[in-house]
Amino acid sequence: AVVSTQSTGELGVEGAFAISWCCYLSFAFILCAVRAAVRAQWGINGNIVEDYFASLLLYPSVCIQVSSAMEKEGRSTLMSQPDLQPSSPGDEEGLECDVLKNEQAV
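What counts and what doesn't
- Residues numbered from 1 in each chain as written.
- Predicted model: local features only at pLDDT ≥ 70, side-chain atom pairs only at ≥ 80, totals over all residues.
- Heavy atoms only, no water.
- Helix = DSSP H or I, 4+ residues; strand = E, 2+ residues; numbered from the N terminus.
- Buried < 20%, exposed > 50% of the residue type's maximum accessible area, 1.4 Å probe, protein only.
- Polar contact = N/O pair within 3.5 Å; in protein donor to acceptor, adjacent residues only side chain to side chain.
- Contact = heavy atoms within 4.5 Å.
- Core = buried A, V, L, I, M, F, W, Y, C linked by side-chain atoms within 4.5 Å.
- Axes fitted to C-alpha atoms, helices over the stretch in contact; angles between N-to-C directions.
- Parallel < 35°, antiparallel > 145°, perpendicular 65-115°, else oblique.
- Left-handed = near helix turned anticlockwise from the far one by under 90°.
- Nonpolar A, V, L, I, M, F, W, Y, C, P; charged D, E, K, R; others polar.
- Phe/Tyr/Trp six-rings, centres within 6.5 Å; stacked < 30°, edge-to-face > 60°.

**Observations regarding the side chain of Asp51**
Here's step 1: Within the secondary structure, Asp51 sits in helix H2 (residues 48-57).
Here's step 2: On the basis of relative accessibility, which here comes to 0%, the residue Asp51 falls in the buried class.
Here's step 3: Within polar-contact distance, the side chain of Asp51 engages the side chain of Arg35 at 3.0 Å.
Here's step 4: Excluding its chain neighbours within four sequence positions, the residues that come into contact with Asp51 are Cys32, Arg35, Ala36 and Arg39.

Following this line, the structure appears as structure tokens:
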């Protein structure tokens, strides 16, 4: 890596800005995917283009919006898995009831 001293006196690696932009754009894409999943799951209007530009330019607001939408629905995570353990050993019939109870509780 080539280390250069810029006019501001900071040390830097030449071309590091490209890596930082790739990381930031990837972050915005992931946040966009999460926002789109929340919108799809709860029927919120919008489209993927709005999601991406909001995630790119206003990511703190998007994080708050996604968090508040999940809290409003009483969820701590976007993907909750039902408990698939039978209530007693050899009780596979009870397994379906447990899954249905968990889905209704969510």
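**Points about the nonpolar core**
Most often, soluble globular proteins have nonpolar side chains that are buried together.
Here's step 1: With seven residues, the main nonpolar core is built from Leu31, Val38, Ala54, Val62, Val66, Ala69 and Met70.
Here's step 2: Elements with a minimum of two residues in this core: helix H1 (16-42) and helix H3 (59-72).
Here's step 3: Among the elements that take part in this core, H3 stands out by supplying four residues, more than any other.

**Remarks on the packing of H1 against H3**
Here's step 1: Two numbers describe how H1 lies on H3: the axes approach to 10 Å, and their chain directions differ by 30°. Between H1 and H3, the angle is such that the two are roughly parallel. Considering how the two elements wind past one another, H1 and H3 form a crossing that is left-handed. Together, Tyr24, Phe27, Leu31, Val34, Arg35, Val38 and Trp42 of H1 and Tyr59, Val62, Cys63, Gln65, Val66, Ala69 and Met70 of H3 make up the contact between the two elements.
Here's step 2: Residues belonging to the contact of H1 with H3 are distributed by class as follows: twelve nonpolar, one polar and one charged.

**Brief notes about the packing of aromatic side chains**
Here's step 1: Tallied over the entire structure, the rule returns five aromatic pairs.
Here's step 2: Seen in terms of ring centroids, Tyr24 and Phe27 are 6.3 Å apart; in terms of plane orientation they differ by 35°. Their pairing is tilted. Note that Tyr24 and Phe27 are positioned in helix H1 at a spacing of three residues, about one turn of the helix.
Here's step 3: The exposure class of Phe27 is partly exposed, given its relative accessible area of 35%.
Here's step 4: Between Tyr24 and Tyr59, the ring centres sit 6.3 Å apart and the planes meet at 75°, which makes this aromatic pair edge-to-face. Of this pair, Tyr24 sits in helix H1 while Tyr59 sits in helix H3, and the two are 35 residues apart along the sequence.
Here's step 5: Three or more aromatic residues link up through ring pairs in this structure, and these residues are Trp21, Tyr24, Phe27 and Tyr59.

**A few points about the environment of Ala69**
Here's step 1: Looking at the element boundaries, Ala69 is found in helix H3.
Here's step 2: Between the C-alpha atom of Ala69 and that of Val38, which follows or precedes it by 31 residues, the distance is 7.7 Å.
Here's step 3: Look past the residues within four positions of Ala69 in its chain and what remains in contact with it is Val38 and Trp42.

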